[in-house]
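This is what each chain is made of:
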Amino acid sequence: MLEISSAVRAAILSLVRIVIGLLFMEHGTSKYLGFPAGGHLGDPHTMSGAGGILELVGGALIVLGLFTRPVAFVLCGEMAVAYFYAHFPRNFFPVLNGGDAAVLYCFMFLLLAFLGGGSWSIDALWSNSSTQKKDRREHGAGDDHHGSHDPLGDFTR
Amino acid sequence: MSWESRLEQYQPQMLSILRIMAGLLFLSAGLQKWFAFPVANPAFANISPMSMFGVAGIIEIVGGALITAGFLTRVAAFVTSGEMAVAYWYFSNRPARGFMPIQNGGTLEVLFCFVLLYFVFAGSGPWSLDAAIRKR
């Protein structure tokens, strides 16, 4: 079948990351900034209000691709907690307890914690500039694939 | 950082885990339409293969099963991602209810659409029928 280059895959990962971050951030902005007008204003002392702060700040960081791995890990945990507190007591099946989105978010954020933010992210900008500086010091001319290692590449054929 | 390289080691396996979970969620949405499992949804009481819901249910069952097993993953992911996009734009009069998914209740469709889109590009990972077949 077709070979997808790792550059394309990293770009698509960033696209997916940005969309998921925006979707996630919506909940936070509707709780604290009133946009889009969804519902209740958030109170940081409640469980959903505290979640709202994570959604706002964490979601924004995910959209920007800044500190993607640790932020995604925290958000994955938040979604797991939300699922087991708000959805699981209602019913075992996500399709019945309304927890589809929580489960999907949880596992997608876990994947982002492992894969990082992809190429369109502030993380990537920073690591590119720091490896370029290191290469210039060590080699004098930039070597782009120095140390770039793509374990997923073996499975994309 | 060493923890980063340790995380990178397990990227393929993590991809497979996400794929299985997303596939199961997707499959269960279709099962509820056609087989009333685990519990029937009254909105789908008289579902027929000619209706939009009926076709959606078939795609969800077949696509969800393929994605969970990791067989023909890219094709299945592409079709199911498209189905979710269609479901977002054509169902429930979404544009009229508000442009943002949180207003029109379409968060899940957008989420599935993009996660499945990623699998079109990333493939199925090592724990899948595709990987087992390729090894032979």
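Heads up: the structure comes first, above all this text.
None of these values were measured; they are calculated from a predicted model. (Residues numbered from 1 in each chain as written. Chains lettered and ligands numbered in written order. Predicted model: local features only at pLDDT ≥ 70, side-chain atom pairs only at ≥ 80, totals over all residues. Heavy atoms only, no water.)

Peer 1: What's the story with the packing of aromatic side chains in this structure? I'm lost.
Peer 2: The description of an aromatic ring pair rests on the distance of the ring centres and on the angle between the ring planes. Considering all chains together, one arrives at 11 aromatic pairs over all chains under this definition. For the pair Tyr105(A) and Phe109(A), a centre-to-centre distance of 6.0 Å together with 10° between the ring planes defines the contact as stacked. With Tyr105(A) and Phe109(A) both in helix H5 (residues 100–115) and four residues apart, this pair spans about one turn of that helix. Take Tyr105(A) and Phe109(A): they sit in the same class, and that class is buried. For the pair Tyr88(B) and Trp89(B), a centre-to-centre distance of 5.1 Å together with 80° between the ring planes defines the contact as edge-to-face. Each residue in the set Tyr83(A), Phe84(A), Phe88(A), Phe92(A) and Phe93(A) is aromatic and connected to the rest through ring pairs, giving one cluster. (Phe/Tyr/Trp six-rings, centres within 6.5 Å; stacked < 30°, edge-to-face > 60°. Helix = DSSP H or I, 4+ residues; strand = E, 2+ residues; numbered from the N terminus. Buried < 20%, exposed > 50% of the residue type's maximum accessible area, 1.4 Å probe, protein only.)

Peer 1: What am I meant to see in the side chain of Arg74(B) here?
Peer 2: Residues and elements named next belong to chain B. Among the secondary structure elements, Arg74 is positioned in helix H4 (residues 73–90). At 7.4 Å, Asp130 is the nearest oppositely charged side chain to Arg74, a buried residue that forms no salt bridge. There is a polar contact of 2.9 Å between the side chain of Arg74 and the backbone oxygen of Phe121. (Lys, Arg positive; Asp, Glu negative; His and termini not counted. Salt bridge = Lys/Arg side-chain N within 4 Å of Asp/Glu carboxyl O. Polar contact = N/O pair within 3.5 Å; in protein donor to acceptor, adjacent residues only side chain to side chain.)

Peer 1: Could you clarify how one ought to interpret unusual backbone geometry in this entry?
Peer 2: Negative phi is the rule for most residues except glycine; trans is the rule for most peptide bonds. Phi is positive for Phe67(A), which is not a glycine, with a value near 55°. Topologically, Phe67(A) is positioned in the loop between helix H2 (47–64) and helix H3 (68–87). Phi is positive for Leu72(B), which is not a glycine, with a value near 50°.

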